[in-house]
Amino acid sequence: TEGEVLVDGVNVKELKQSTLRDKIGYVPQKGVLFTGTVAENIAFGGKADRQEIEEAAKIAEADGFIGEMENGYDSPIAQGGKNVSGGQKQRLSIARAVATRPEIMIFDDSFSALDYRTDKQVRANLKEHLAGVTNLIVAQRIGTIMDADKIIVLDKGKAVGEGTHRELLENCDVYREIALSQLSKEELGL
């Protein structure tokens, strides 16, 4: 109800909706897939060619399981993605967002169906291949966000902490409690 959101110094209310949407890659918590091929699902709504589709799949750690499918990138995806696992759906959804080459990536708890190793590798790939892209990650898993430049801790809809992982471990009881419930002191660097 107050404040403003700026993209490239311009209030989003002043941007055309299509201009704003072109700048954003969005990955929902529940991966949404459509009837068509793997390649068509990754390129959905975008102008990505085959090379860009395959590069996006590699960044999203989807290339491995796609290669194991009978027809690779030309393999069919059933309506709603019923013929792939939850983690595979999420990786294909991440690849779709990457393929649009956005300025801003929004991940709405998009790593939750990924095992910790895949989650970490996807984030490392994003950092390496999409340098300069702003990433906004909504997550419940500390491991997913502990390398973020800024973390905002929400408790019952209110911001109760803001800072880096290290700062929040020292200064935010809610964050520390969540972190210790998910990872060991050694994993947290304590």
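This report concerns the structure included in the present document. This structure is a prediction, so every number in the text was calculated from the model and none was measured. (Residues numbered from 1 in each chain as written. Predicted model: local features only at pLDDT ≥ 70, side-chain atom pairs only at ≥ 80, totals over all residues. Heavy atoms only, no water.)

1. Side note on the environment of alanine 56
Phase 1 of the analysis: With respect to the helices and strands, the residue alanine 56 is situated in helix H3 (residues 50–59).
Phase 2 of the analysis: When its relative accessible area of 1% is taken as the criterion, alanine 56 is described as buried.
Phase 3 of the analysis: Separated by 71 residues in sequence, alanine 56 and lysine 127 have C-alpha atoms that sit 13 Å apart. (Helix = DSSP H or I, 4+ residues; strand = E, 2+ residues; numbered from the N terminus. Buried < 20%, exposed > 50% of the residue type's maximum accessible area, 1.4 Å probe, protein only.)

2. A few points about the nonpolar core
Phase 1 of the analysis: By size, the foremost hydrophobic cluster in this structure holds 33 residues, and its most contacted members are Ile42, Ile66, Leu92 and Ile94.
Phase 2 of the analysis: Looking at this core, the elements with two or more residues in it are helix H2 (38–43), H3, helix H4 (63–68), helix H5 (86–99), strand E6 (104–108) and helix H6 (116–129).
Phase 3 of the analysis: Of the residues forming this core, the biggest block, six residues, is contributed by H5.
Phase 4 of the analysis: Apart from residues no more than four positions distant in its own chain, isoleucine 66 is found in contact with Val38, Ile42, Ala57, Gly72, Tyr73 and Leu92.
Phase 5 of the analysis: Counting 12 residues, the second largest nonpolar core, distinct from the first, contains Ile142, Met146, Cys172 and Leu188. (Core = buried A, V, L, I, M, F, W, Y, C linked by side-chain atoms within 4.5 Å. Contact = heavy atoms within 4.5 Å.)

3. Quick look at H6
Phase 1 of the analysis: Counted at 1.5 Å a residue, the expected span for H6 with its 14 residues is 20 Å, and the 20 Å between its end C-alpha atoms agrees.
Phase 2 of the analysis: Where H6 is buried, its residues contact H3, H5, E6 and helix H7 (142–145).
Phase 3 of the analysis: Two or three places before arginine 117, at the opening of H6, aspartate 115 has a side-chain oxygen 3.1 Å from that residue's backbone nitrogen. (Expected span 1.5 Å × (residues − 1). Polar contact = N/O pair within 3.5 Å; in protein donor to acceptor, adjacent residues only side chain to side chain.)

4. Quick notes on the sheet that holds strand E3 (residues 24–27)
Phase 1 of the analysis: The strand order across the open sheet formed by three strands is E3-E6-E7, and the pairing between neighbours is parallel. Each having just a single partner strand, E3 and strand E7 (134–138) make up the two edges of the open sheet. With direction set aside, neighbouring strand axes in the sheet form an average angle of 10°.
Phase 2 of the analysis: Sheet topology note: the E3/E6 ladder contains four bridges and is parallel. Among the inter-strand pairings, valine 27 is bridged to a residue of E6, identified as phenylalanine 107.
Phase 3 of the analysis: Against the sheet, H5 touches E3 and E6, its axis set at about 175° to E3. (Pairing = 2+ DSSP bridges. Axes fitted to C-alpha atoms, helices over the stretch in contact; angles between N-to-C directions.)

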